[in-house]
Amino acid sequence: MMGALLPLLSRRVPALQPDTKPFVLIKAFASGVILATGYMHVLPDSFDCLTSKCLPEKPWSKFPFTTFIAMFSAVFTLMVDSYAMSWYKKCKTPDKNQDQELKTLGHSHGHGSSGNDNPASQLRRYRVVAQVLELGIVVHSVVIGLSMGASDNVCTIRPLVAALCFHQFFEGIGLGGCILQADYEKKMKAIMVFFFSVTTPFGIALGLGLSNVYRENSPTALVVVGILNAVSAGLLNYMALVDLLASDFMGEKLQNDMKLQTISYVAVILGAGGMSVMAIWA
């Protein structure tokens, strides 16, 4: 929750406004963490589940289901992204007062879009990104919470808690930054932060409740968790690369400031590198 709330509370800190350099750097670091979470944690976990010796050799060992599912998950995320933008354009035509507000938002949020986007289109884009990113993080959070709650191995739980705290905090910052840029009403912001905050505890509680019947190495559990992880990995990787990193790095703010662009790349590498190191233990 703290990770998601920090960007939202930055409204009171001028140095952390969406149009400032510190905000861009923090978001770049968080995007690197989300990218590494997909590639270094979720995807390998899916491979482990779907290639386990506890599953029948046919078809699970004869076909790379993890990458197949992750690939189509990324395509499906693109479809959701595209259709959501089309729906917003058709159904959410701003009135004159909203249009004036959007022009103001366009000046402060312009770094994440190409120069040809108008403020209304930018705001729609931010809102779609925030909603789709939350969906991917929620799925992943429930799965990791379920695994942690059902585990009775202390040696497994301890590093998992450390990795969980690290990437949930920075995933929260990345999501909070997107919610802040989307400029939702307070009620919608509270709902999105609430769902992000409760999904992992919900997964842990579910794992604890099912610990008597849930077996990590049972064929059903391996298939279900493996598929969910593959779906989550494809979604997170798409969101990190396309909607977060590419959107910001190809936007006006970073394109017009080579020094800030270079420092932002360093921030991405540090975020991705730090999260990758965590894969040693969890």
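Our subject in this report is the structure included herewith. No experiment lies behind these values; they were computed from the predicted model shown. (Residues numbered from 1 in each chain as written. Predicted model: local features only at pLDDT ≥ 70, side-chain atom pairs only at ≥ 80, totals over all residues. Heavy atoms only, no water.)

## Thoughts on the overall build of the chain
Note the following rule: Labels follow the DSSP assignment, with helices taken as runs of H or I lasting at least four residues and strands as runs of E lasting at least two, numbered in each case from the N terminus. For each residue, the accessible area found with a 1.4 Å probe, counting protein chains only, is set against the maximum for its type, and the residue is called buried under 20%, exposed over 50%, and partly exposed in between. Any two residues whose heavy atoms approach within 4.5 Å at even a single point are treated as in contact. Residue burial considers only the protein chains on display, and all accessible areas are found by Shrake-Rupley using a 1.4 Å probe.
Across its full length, the chain carries eleven helices and zero strands. Beginning at the N terminus, the succession of helices and strands in the chain can be written as α-α-α-α-α-α-α-α-α-α-α. Across the 282 residues that make up the chain, the buried fraction comes to 48%. Within the chain, residue pairs in contact and separated by at least 24 positions form 82% of the contacts whose partners lie at least 6 positions apart. Accessible surface computed for the chain: about 14300 Å², of which carbon and sulfur atoms make up 67%.

## Focus on the packing of helix 4 (residues 65–91) against helix 9 (residues 219–249)
In plain terms, the rule: In this analysis, axes come from line fits to C-alpha atoms, helices being fitted only over the stretch in contact, and the angle between any two N-to-C directions falls in the range 0 to 180 degrees. What sets the label is the angle itself: under 35 degrees gives roughly parallel, over 145 gives roughly antiparallel, 65 to 115 gives roughly perpendicular, and the rest give oblique. Working rule for handedness: look at the near helix, and if it is turned counterclockwise from the far one by less than a right angle, call the crossing left-handed; if clockwise, right-handed.
At a minimum axis separation of 7 Å, helix 4 and helix 9 run at an interaxial angle of 50 degrees. Between helix 4 and helix 9, the interaxial angle falls into the category oblique. Relative to helix 9, the crossing made by helix 4 is right-handed. Residues T66, I69, A70, S73, A74, T77, L78 and D81 of helix 4 touch helix 9, and the partners they reach there are I227, A230, V231, G234, L235, Y238, M239 and D243.

## Focus on the pattern of salt bridges
Applicable threshold: One speaks of a salt bridge when a side-chain nitrogen belonging to Lys or Arg is within 4 Å of a carboxyl oxygen belonging to Asp or Glu.
Applying the stated criterion across every chain yields a total of five salt bridges. A salt bridge links E57 to K62; its shortest N-O distance comes to 3.4 Å. With respect to class, E57 is no different from K62; both count as exposed. Between D243 and R125 there is a salt bridge; the shortest N-O distance is 2.3 Å. With D243 in helix 9 and R125 in helix 6 (residues 119–150), the pair connects residues that are 118 residues apart, well separated along the chain. Exposure remark for R125: the relative accessible area of 25% places this residue in the partly exposed category. In the salt-bridge network here, residues are joined through shared partners; they are D81, R125 and D243.

## Some details on helix 4
For clarity, the threshold we go by: Any helix carries an expected span of 1.5 Å times its number of residues minus one.
Given a rise of 1.5 Å per residue, 27 residues ought to cover 39 Å, and the 38 Å separating the end C-alpha atoms of helix 4 matches this to within 8%. Of the residues making up helix 4, those classed as buried are T66, I69, A70, S73, T77, D81, A84, M85 and Y88. Of the surrounding secondary structure, the elements contacted by the buried residues of helix 4 are helix 2 (21–50), helix 6 and helix 9.

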